Amino acid sequence: MSDTIVKTTDLSVAFKVKKDLVPAVRQVSLSLEKGRTLVILGESGSGKSTYMKALLRILPHDAAIDGAAEFMGEDLLLKNEKEMRELRGDRISMIYQDSLSALDPMYKVGDQVIETIRAHRKSVSRAEAREQAEQLFVKVGIPSPRERMRTYPHELSGGMRQRAVIAMSLCCSPYLLLADEPTTALDVTIQKQILNLFLELQEKDGMSIMMVTHDIGVAAQVADEIAIMYGGIIMEYGSTREVLEEPANPYTRALIAALPKSGDRGRLVAIDGQPPTIVSMPSGCPFSDRCAYATQICKSSIPHLTPVTQTHQTACHLYERKEE
Amino acid sequence: MIRVILKRIGLAFLTLFGVTVIVFALLQMMPGEPIDSIVPLDASDALRQAIIEKYGFDKPLYVQYFCWLGNALRGNFGNSVSDNRLVLTIVSEALHNTLILALGASIVAFLLSIVIGVYSAYRPKSILSWVGTIFGIGGISIPNYCLSLILIGIFSVTLHVLPSNGMYFSGDYSFSSLLRHLILPALAAGAMTLGIMTRMVRSSVAETRNRSFVTTLRAKGLSEPAIMRHVLRNSFPTLLTVAGLQFGYLMGGSTMVETIFSWPGIGLIIYQSIFTSDFPTTQAAILIVAVIFVSINLIIDLLRIVADPRLRK
Ligand SMILES: Nc1ncnc2c1ncn2[C@@H]1O[C@H](COP(=O)(O)OP(=O)(O)OP(=O)(O)O)[C@@H](O)[C@H]1O
Ligand SMILES: [Mg+2]
């Protein structure tokens, strides 16, 4: 058996916008091995969350998914709703970007974790599930977990709620954790504790993580591989060191210069211009209208990932021509 | 939380005080002197004077108000001018009958609207959803007296299957007799509630289904029924409020419906007492309707605090 946990081939997602199907994710091919971490970086609206939701198939019903997505050798797109339901929250779980609205305001946070455990582990009693949930709360750094479990989401601070959401995502020991900006709402110490917990689970259980973050420091710390996403396509993909230190794509360089480094939060040097929306996408390279090096071909055709080294690929016409 | 509750209760009492003032003032503003409905027009001046003194009509208005309020608080509304029975007895009998009508109307309306509303929020293109839309538009736009007449025309006049008059067949005070009399007026009075509630249930459930925590529930791998439980739990406080308000309206007496069907409820009492210038009865009936309405509102507010953890502090 291969150790590939998840692998997508030309995965595309299109949303229905006023009767038209507009692509938000375009032919994304990525793969992730057991126990490793892939970080997706990119500006707002580049399709990171959409890509992860497509893997769990929790997009709105009118979204069209195309291509192939394999999870542990099984085709995710061929599974029916019931089979997907068994995977979700159990073998694949997701930490939602917006933890403020990720919890049901009417139920106590503890009950929401217990409910998840019991949905997948029918033999676990309520008391046992409560016990497990409490231990998870301790692990994610929630003080006095027993009392916290009995509170409603609105009674918790943003950071505390985020930790509860993380606990919920880990409650069934997933093989694959889709983490959409999991630590953005947390202060540095807690962030460190959470990332260490992830690391521990990776070493102990071989959990794989696909994480979206806007923090280069975090990316450098946890990622084995990094994918740069922009306008729904992968602009650059490779080992952490190569992508961060030897970026071959003008967009990656601009992004790295613009993203906050750990420690100097908030000092953003924005890339000139606005990222395109899915309805105003340039027909060629999505970055062509902001790129200082753009040429005629950049405006007319979409670049494809080409190898730079064995562990590093980039999608840029400039690079392709350099090779010739 | 206690403070919130006390505040609501205080507000309810303030409202009730305002209501008593208005009810009292309303009758002062009605054409004709109250005294004229008590003494015959050809009574001697001495008799007239005696009665004015007995009823305190010569005292200043605010004294009259406090006397009346004091009596009202003790349940003493005096005797009916038209048939000399105790006003309290008349009004409480009527209230009891209105309660039967309101319960009949709301049970049908609530159950139907919840079933249709929830179903059509989940299946907006289904036939039941169309039925819901028709109920929604029809219930709100057809006046209940029109509907009453239509129902009587179909079921009483043409088909002869249901009675159109009163609460019981004469001499037959059985439950089935009551039930058969109840059906038409309950439908007529409940149609509006059905329309409003169907729309509310549907929009509230549909809106809740689009909240982002529902996607999280899906991402957790919950089954559709389990997710539905969360959705309904979240819509519940809103629906409770609307349902309570509607029940309040129904308890206010559907005067038109009660009059058309000769249903001896509070609405009919108000209508009749106004026409016979039976001041004490009108006052008591309006006051009690107002008290009930304010109380129901208070109860809804309190229940809402119980039902929505975000309102508990
Ligand atoms: N349900 C939807 N219908 C139509 N368009 C959508 C829908 N969901 C997302 N989009 C669009 O798809 C694009 C990608 O959105 P996505 O949320 O995946 O971006 P992102 O990379 O996660 O951004 P962020 O960093 O802000 O979270 C955006 O332009 C967004 O407006
Ligand atoms: Mg996102």
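Residues numbered from 1 in each chain as written. Chains lettered and ligands numbered in written order. Predicted model: local features only at pLDDT ≥ 70, side-chain atom pairs only at ≥ 80, totals over all residues. Heavy atoms only, no water.

1. Focus: the domain arrangement of chain B
Interface size is commonly expressed as the accessible area that is lost once the parts come together.
All names here are of chain B.
Move 1: In terms of domains, chain B is made up of domain 1 (2–73) and domain 2 (88–312).
Move 2: For domain 1 versus domain 2, the separation of C-alpha centres amounts to 33 Å.
Move 3: Listed by partner, the interface residues are 18 residues for domain 1 and twelve residues for domain 2.
Move 4: Viewed at the interface, domain 2 and domain 1 are joined by zero salt bridges.
Move 5: Run the count over domain 1 and domain 2 and you get one residue pair in polar contact (both at pLDDT 80 or more).
Move 6: Those elements that provide at least two residues to the side of domain 1 that touches domain 2 are helix H1 (2–29), helix H2 (34–38) and helix H4 (61–73).
Move 7: The greatest single-element share of the side of domain 1 that touches domain 2, amounting to 13 residues, is contributed by H1.
Move 8: Grouping the amino acids of the side of domain 1 that touches domain 2 by side-chain chemistry returns 14 nonpolar, three polar and one charged. (Domains from an automatic or database assignment. Contact = heavy atoms within 4.5 Å. Salt bridge = Lys/Arg side-chain N within 4 Å of Asp/Glu carboxyl O. Polar contact = N/O pair within 3.5 Å; in protein donor to acceptor, adjacent residues only side chain to side chain. Helix = DSSP H or I, 4+ residues; strand = E, 2+ residues; numbered from the N terminus. Nonpolar A, V, L, I, M, F, W, Y, C, P; charged D, E, K, R; others polar.)

2. Structural notes on the packing of aromatic side chains
Move 1: Overall, the coordinates contain eleven aromatic pairs over all chains when judged by the stated rule.
Move 2: Pairing A:Tyr230 with A:Tyr251 gives two aromatic rings, centres 4.3 Å apart and planes at 40°, and the pair type is tilted. Of the two residues, A:Tyr230 is situated in strand E9 (residues 225–230) and A:Tyr251 in helix H10 (residues 250–258); the sequence distance between them amounts to 21 residues. In this structure, A:Tyr230 and A:Tyr251 share a single accessibility class: buried.
Move 3: Aromatic rings pair up to connect B:Phe17, B:Phe24, B:Tyr65, B:Phe66 and B:Trp68 into one cluster.
Move 4: Above the plane of the ring of B:Tyr122 lies B:Arg209, whose end atom (NZ or CZ) is 4.1 Å from the centre. (Phe/Tyr/Trp six-rings, centres within 6.5 Å; stacked < 30°, edge-to-face > 60°. Buried < 20%, exposed > 50% of the residue type's maximum accessible area, 1.4 Å probe, protein only. Lys NZ or Arg CZ within 6 Å of the ring centre and 35° of its normal.)

3. Some points on helix H7 (residues 188–205) of chain A
Residue and element names in this part refer to chain A.
Move 1: Under the 1.5 Å per step criterion, the end-to-end length of H7 is 25 Å for 18 residues, consistent within 8% with the ideal 26 Å.
Move 2: All of the buried residues along H7 are Ile190, Gln191, Ile194, Leu195, Leu197, Phe198, Leu201 and Gln202. Relative to the axis of H7, the buried residues are bounded by an arc of 150° and lie together on one face. Residues Val188, Thr189, Lys192, Glu203 and Lys204 are exposed on H7 and point more than 90 degrees away from its buried face.
Move 3: Directly beyond the C-terminal end of H7, a positive phi value near 70° is found at glycine 206. (Expected span 1.5 Å × (residues − 1). Arc of directions from axis to C-beta.)

4. Section: the site of ligand 1
Residues and elements named next belong to chain A.
Move 1: Around ligand 1, a shell composed of 15 residues is seen, among which Ser44, Lys48, Ser49, Thr50 and Gln97 lie nearest.
Move 2: Separating an oxygen atom of ligand 1 from a backbone N or O atom of serine 46 is a distance of 3.2 Å.
Move 3: Within the side chain of threonine 50, an N or O atom sits 2.5 Å from an oxygen atom of ligand 1.
Move 4: A total of 640 Å² of accessible area belongs to ligand 1 in isolation, and the protein chains cover 69% of it.
Move 5: Top element by residues in the shell around ligand 1 is helix H1 (residues 48–56). It accounts for three residues. (Near = heavy atom within 4 Å. Areas by Shrake-Rupley, 256 points an atom, 1.4 Å probe, with all protein chains shown as cover.)

5. Some words on the coordination of the magnesium ion (ligand 2)
Ideal values differ by geometry: the angle at a metal is 109.5 degrees with four tetrahedral donors, but 90 or 180 degrees with six octahedral donors.
All names here are of chain A.
Move 1: Each protein donor to the magnesium ion (ligand 2) is listed here as Ser49 (OG) and Gln97 (OE1); together their distances run 1.8 to 2.3 Å. Within this pair, whereas serine 49 is found in helix H1, its partner glutamine 97 is found in the loop between strand E6 (92–95) and helix H3 (109–120), the two being separated by 48 residues in sequence.
Move 2: Take serine 49: its relative accessible area is 16%, and that puts it in the buried class.
Move 3: By relative accessible area, which is 40% here, glutamine 97 ends up partly exposed. (Donors = N, O, S within 2.8 Å, 3.2 Å for Na, K, Ca; no water.)

6. Structural notes on the pairing of E6(A)
Strand residues, when the strand is regular, have side chains that alternate between the two faces of the sheet.
Residue and element names in this part refer to chain A.
Move 1: Of the two faces of E6, both are covered, the one formed by Ile92 and Met94 as well as the one formed by Ser93 and Ile95.
Move 2: Alignment of E6 against strand E7 (residues 176–180), held across four bridges, turns out to be parallel. Bridging across to E7, methionine 94 finds its partner in leucine 178. (Pairing = 2+ DSSP bridges.)

7. So, the confidence of the model for chain B
Residue and element names in this part refer to chain B.
Move 1: Of all residues in chain B, 96% have pLDDT values of 70 or greater, and the mean over the chain is 88.
Move 2: When mean pLDDT is compared element by element in chain B, helix H10 (residues 224–251) scores highest at 94, while H2 scores lowest at 66.
Move 3: Predicted as a complex, the structure gets a pTM of 0.86 and an ipTM equal to 0.87. (pLDDT = per-residue confidence, 0-100.)

8. Regarding the interface of chain B and chain A
Move 1: Between chain B and chain A, the contact holds 23 residues from the first and 24 residues from the second.
Move 2: Regarding the contact of chain B and chain A, the summed buried area is about 2100 Å², with carbon and sulfur atoms giving 56% of it.
Move 3: For chain B, the biggest contributors to the area lost against chain A are B:Arg218, B:Ala219 and B:Lys220; these three give 30% of the whole.
Move 4: Inspection of the region where chain B meets chain A yields one salt bridge.
Move 5: Our count for the chain B to chain A interface comes out at 14 residue pairs in polar contact (both at pLDDT 80 or more). (Buried area = accessible area lost by both parts, 1.4 Å probe.)

9. A few points about the sheet that holds strand E1 (residues 4–17) of chain A
Residues and elements named next belong to chain A.
Move 1: Here we have four strands laid out as an open sheet, ordered E2-E1-E4-E5, and antiparallel in their pairing. Each edge of the open sheet is held by one strand with a lone partner, namely strand E2 (20–33) and strand E5 (74–75).
Move 2: Pairing of E1 with E2 involves ten bridges; the strand directions are antiparallel. Residue pairing across strands places leucine 11 opposite valine 28, the latter belonging to E2.
Move 3: Sitting on the sheet, H1 touches E1, E2 and strand E4 (64–71), and the angle it makes with E1 is about 110°. (Axes fitted to C-alpha atoms, helices over the stretch in contact; angles between N-to-C directions.)

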